[in-house]
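Working through the structure, step by step
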Amino acid sequence: MTDGGNRYFLDLTTAFVRGVALQTGTPPLDACLLNEPLELLNDAEKQAIIDAGSECGLKLYRFKRGHADMLRVRRTLGFLQGVMPQSILDIGSGRGAFLWPCLDAFPETPVTSIDVEENRIKLYETVRLGGIERLQGVHCDIQDPGPEFLQRKFDIVTMLEVLEHLPDPDAALAELARVCSGSLIASVPFEPIWRIGNMARGRYLRELGNT
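Residues numbered from 1 in each chain as written. Predicted model: local features only at pLDDT ≥ 70, side-chain atom pairs only at ≥ 80, totals over all residues. Heavy atoms only, no water.

1. Considerations on the overall build of the protein
Along the backbone of the protein there are nine helices and seven strands. Within the protein, counting contacts between residues at least 6 apart in sequence, those at least 24 apart form 63% of the total. Accessible surface for the protein amounts to roughly 10,400 Å². Of this, 48% is attributable to carbon and sulfur atoms. (Helix = DSSP H or I, 4+ residues; strand = E, 2+ residues; numbered from the N terminus. Contact = heavy atoms within 4.5 Å. Areas by Shrake-Rupley, 256 points an atom, 1.4 Å probe, with all protein chains shown as cover.)

2. Thoughts on the packing of helix α2 (residues 10-24) against helix α7 (residues 118-129)
At a minimum axis separation of 6 Å, α2 and α7 run at an interaxial angle of 95 degrees. In this view, α2 runs roughly perpendicular relative to α7, as classed from their interaxial angle. Judged by residue contacts, Leu 12, Ala 15, Phe 16, Gly 19, Val 20, Leu 22 and Gln 23 of α2 engage Leu 123, Thr 126, Val 127 and Leu 129 from α7. Taken together, the residues of the contact of α2 with α7 break down into eight nonpolar, three polar and no charged. (Axes fitted to C-alpha atoms, helices over the stretch in contact; angles between N-to-C directions. Parallel < 35°, antiparallel > 145°, perpendicular 65-115°, else oblique. Nonpolar A, V, L, I, M, F, W, Y, C, P; charged D, E, K, R; others polar.)

3. Concerning the pairing of strand β1 (residues 88-91)
Burial of β1 is two-sided: the residues Ile 88 and Asp 90 facing one way and the residues Leu 89 and Ile 91 facing the other way are all buried. In this sheet, strand β2 (residues 111-115) lies alongside β1 in parallel orientation, the contact comprising four bridges. Looking across to β2, one finds that Ile 91 is bridged to Ile 114. You can see the chain leave β1, run along helix α6 (residues 99-105) and come back into β2, and the turn it takes is right-handed. Here β1 pairs with strand β4 (residues 154-160) via three bridges, running parallel. If you follow Asp 90 over to β4, its bridge partner there is Thr 158. (Buried < 20%, exposed > 50% of the residue type's maximum accessible area, 1.4 Å probe, protein only. Pairing = 2+ DSSP bridges. Right-handed = clockwise from strand over helix to strand, strands pointing away.)

4. Section: the packing of aromatic side chains
The final tally for this structure, using the stated rule, is three aromatic pairs. Each ring, one from Phe 16 and one from Phe 63, has its centre 5.2 Å from the other, and the planes form 40 degrees; the classification is tilted. Residue Phe 16 is located in helix α2, and its partner Phe 63 is located in the loop between α4 (43-55) and α5 (71-83); the two are separated by 47 residues in the primary sequence. The same class applies to Phe 16 and to Phe 63, which are both buried. (Phe/Tyr/Trp six-rings, centres within 6.5 Å; stacked < 30°, edge-to-face > 60°.)

5. Description of the side chain of Ser 87
Its place among the elements puts Ser 87 in the loop between α5 and β1. A distance of 3.0 Å separates the side chain of Ser 87 from the backbone nitrogen of Asp 155, its partner in a polar contact. Not counting residues within four places of it along the chain, the set of residues in contact with Ser 87 comprises Thr 109, Pro 110, Lys 153, Phe 154, Asp 155 and Ile 156. (Polar contact = N/O pair within 3.5 Å; in protein donor to acceptor, adjacent residues only side chain to side chain.)

6. Examining the pattern of salt bridges
In the structure shown here, the tally under the stated rule is five salt bridges. Here Asp 11 and Lys 46 are joined by a salt bridge, their closest N and O atoms 2.5 Å apart. Of the two residues, Asp 11 sits in helix α2 while Lys 46 sits in helix α4, which places them 35 residues apart along the sequence. For Lys 46, a relative accessible area of 7% gives the class buried. (Salt bridge = Lys/Arg side-chain N within 4 Å of Asp/Glu carboxyl O.)

7. Some thoughts on the confidence of the model for the protein
For the protein, the average pLDDT comes to 86, and 85% of its residues sit at 70 or higher. For the protein, the element scoring lowest by mean pLDDT is strand β7 (residues 205-210), at 41; α2 scores highest, at 98. Segment residues 199-211 is flagged for pLDDT under 50; beyond a separation of four residues in sequence, or across chains, it makes 42 contacts in the model. (pLDDT = per-residue confidence, 0-100.)

8. Focus: the layout of surface pockets
If a probe the size of a water molecule is rolled over the atoms, the empty space left behind becomes visible. By volume, the largest pocket is sized at about 650 Å³. Around the largest pocket sit 29 residues that line it, and Gly 92, Ser 93, Gly 94, Asp 115 and Val 162 are the ones nearest its centre. Breaking the lining of the largest pocket down by element, the ones donating at least two residues are α5, β1 and β2. In terms of residue class, the lining of the largest pocket is made up of 13 nonpolar, seven polar and nine charged. Estimated volume of the second largest pocket: approximately 410 Å³. Taken together, 21 residues make up the lining of the second largest pocket; nearest its centre are Asp 11, Leu 38, Glu 39, Gly 131 and Ile 132. Of all the secondary structure elements, the ones that give two or more residues to the lining of the second largest pocket are α2, α3 (31-35), α6 and α7. When residues of the lining of the second largest pocket are assigned to their parent elements, the largest contribution, five residues, is made by α2. (1 Å grid on protein atoms, 1.4 Å probe; cavity = no way out; pocket = protein on both sides within 12 Å on 5 of 7 lines; lining within 4 Å. Points joined across faces, edges and corners; volume = space filled by probe spheres on them.)

Put into structure tokens, the structure is as follows:
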């Protein structure tokens, strides 16, 4: 057994395995495990789904709880727990080093994840299909996300270890000012985590300490 309840984020890993099963038929799961709403499955049933995924060779390491121990993740989650956002936009979610702990820590909060790599969006949509319906993946470049996206508003925007990869970070911040109604949490390697508050008015505050 994979001991999913301790090593992995239980609901997220279960949703990933179910999403893969729904898309490919592998691993073969009983209809009750595959189609029952995720919240109605008990821990033993979730463990059985995770075990089936592990036996089929699915890459479950993305969902290990150890990612939540990263300092930038802990500090950002600590700030978010103080403000209890109603919606979160995560920029450049990648393999989910912050995304999965965030979803686990805020089980009722809608989270939108942006990434420029289409295969990452497919991963997020697989987890959504498997039962985490409050997760939405968006394939776009935050420097030029398009007019439809900019009509949306989010309480909190997180952008961890992303700015240093952008050719024009100022353009990205300008776009985020249009969609962020609260604070932007940003970090780059070896520098303090920044809280950029009151985005629309352009006031910047260092708040969360070193990464």
